[in-house]
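Structural overview for review
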Amino acid sequence: MSTPRIPLVNLQRLDAMHLDEWMEAIREVVIASGFILGAPAERFERAFAAYTGAAHAVGMGSGTDAVHLALRAAGVDAGDEVITVANTFAATLEAIVHAGARPVVVDVDDRTLLMDLQATEAAITPKTKAVVPVHLSGRPIDLRALSAITERHGIALVQDAAQAHGATFDGQPLSAFGIASAYSFYPGKNLGALGDAGAVVTNDDAVAARLRSLRDHGRVGKYDHREVGYCSRLDAVQAAVLERKLAHLPSWTERRREVAARYNKELDGAVRIIEESPGGDGVFHHFMIRVPERDGLQAFLAERGIQTVIHYPIPVHALEAFAWLGYPAGAFPVAERACREILSLPIDPVITDEEVAEVSAAVLEWVNGRS
Ligand SMILES: *Cc1c(COP(=O)(O)O)cnc(C)c1O
């Protein structure tokens, strides 16, 4: 496809509006000449901790490292099992494998496409060390019910919040639940760097200290290495830009919610809309609908210059990288059916009302043309 007229995420438009501000942040870091962690990272970490309602935020090199190191800091080790969902980005499972554990996959709820809590409790074994729910498209899972399960079984709750910056459950920040939450600042995420970056937030002082050490070669002082760690630090340039962007995030999130409400109003009844779980207040990283013969709709929209994406087209257990887990086709029927029917429509903080109306009208035209 040539450059879409209405892209899934219009980063170019967003960054053009703030270019001077981002460039000033970069300039300050270059002049100060400190490029790894340092004052810019500490300032951003304090601001992000406050934004997520947590005591600590620890900046990392990526969201994948954030999930991985959060699991390590939660005590996950070789031989453990960690439960997660079939319909996530491969990185969630990679992080579990990198932590030395075996991913145990469960199906999702048909209305929300979020972790099936009954299946999760049923999957717990004596080897289970942690559960990693994924707040798909920024819609939080029922964290009250899930944390009741993990607490009852004495296992860790580590959230993959890569798509959920600023989301709440029952009016509380996600950080109020479980031991740690991992965020990605991949450029297309709701809060995106100008490159790779991520962070873990936690209320646990010891977990935060372990994360600060793990991300920086396992050291606690300049040459005082206490364990074999990783090189996954937050760049000062990314931190400085992220600090500027974070100041805009509340209004960006408000606009995403407005856009989602418009899509909901226009499309309700014509297509299935992936629901929020009761109590969840999502941040609409994606706006997902569900239609039979989805590929036809996607091609129809592409012809009109409207870009859509499938999050995700192949459930993790069907990926070649995870074939060794041994799950057969049909193991997770809800997730597998959803993969054939879901579609994410354009949404970002700078999409116009006219563009939302155009996308909605095109979806309705296709749906009505088929009935
Ligand atoms: C983006 C994403 C990740 C990985 O984040 P990176 O910053 O790209 O490493 C992990 N899990 C989910 C659900 C994501 O969307």
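Refer to the structure printed above.
Small disclaimer: the values here were computed from a predicted structure and weren't measured.

Some points on helix α9 (residues 294–303)
Since there are 3.6 residues in each turn of an α-helix, residues three or four apart along the chain are aligned in direction. Looking at α9, one finds that the buried residues are Arg294, Leu297, Phe300 and Leu301. Down the axis of α9, the buried set is contained in an arc of 125°. They therefore lie on one face. Seen from the buried face of α9, the exposed residues on the opposite side, beyond 90 degrees, are Asp295 and Glu303. In this structure, the buried residues of α9 make contact with β14 (287–290), α10 (333–341), β15 (342–345) and α11 (353–370).

Things to note about the pattern of salt bridges
Going through the model one piece at a time under the given rule, you end up with 29 salt bridges. In this structure, arginine 219 engages aspartate 216 in a salt bridge whose closest nitrogen and oxygen atoms are separated by 3.2 Å. Taking relative accessible area as the criterion, aspartate 216 reaches 14% and is therefore assigned buried. Overlapping salt bridges bring together Asp110, Arg272, Arg290, Arg337 and Glu341 as one network.

Comments concerning the pairing of β15
Of the two faces of β15, both are covered, the one formed by Ile342 and Ser344 as well as the one formed by Leu343 and Leu345. Where β14 lies against β15, four bridges are found, and the strand directions are antiparallel. Counterpart to phenylalanine 287 in the pairing with β15 is leucine 345.

Points about the site of the ligand
The ligand sits among 16 residues. The nearest are Gly63, Thr64, Asp160, Ser184 and Lys189. One nitrogen or oxygen atom from the side chain of glutamine 163 is found 2.8 Å from an oxygen atom belonging to the ligand. Lysine 189 has a polar side-chain atom sitting 3.1 Å from an oxygen atom of the ligand. Contact with the protein chains hides 93% of the accessible area of the ligand, taken as 380 Å² for the molecule alone. Classifying every residue of the shell around the ligand gives seven nonpolar, seven polar and two charged.

Definitions and limits used
- Residues numbered from 1 in each chain as written.
- Predicted model: local features only at pLDDT ≥ 70, side-chain atom pairs only at ≥ 80, totals over all residues.
- Heavy atoms only, no water.
- Buried < 20%, exposed > 50% of the residue type's maximum accessible area, 1.4 Å probe, protein only.
- Helix = DSSP H or I, 4+ residues; strand = E, 2+ residues; numbered from the N terminus.
- Arc of directions from axis to C-beta.
- Contact = heavy atoms within 4.5 Å.
- Salt bridge = Lys/Arg side-chain N within 4 Å of Asp/Glu carboxyl O.
- Pairing = 2+ DSSP bridges.
- Near = heavy atom within 4 Å.
- Polar contact = N/O pair within 3.5 Å; in protein donor to acceptor, adjacent residues only side chain to side chain.
- Areas by Shrake-Rupley, 256 points an atom, 1.4 Å probe, with all protein chains shown as cover.
- Nonpolar A, V, L, I, M, F, W, Y, C, P; charged D, E, K, R; others polar.

Any link to function would need more than the numbers given here.
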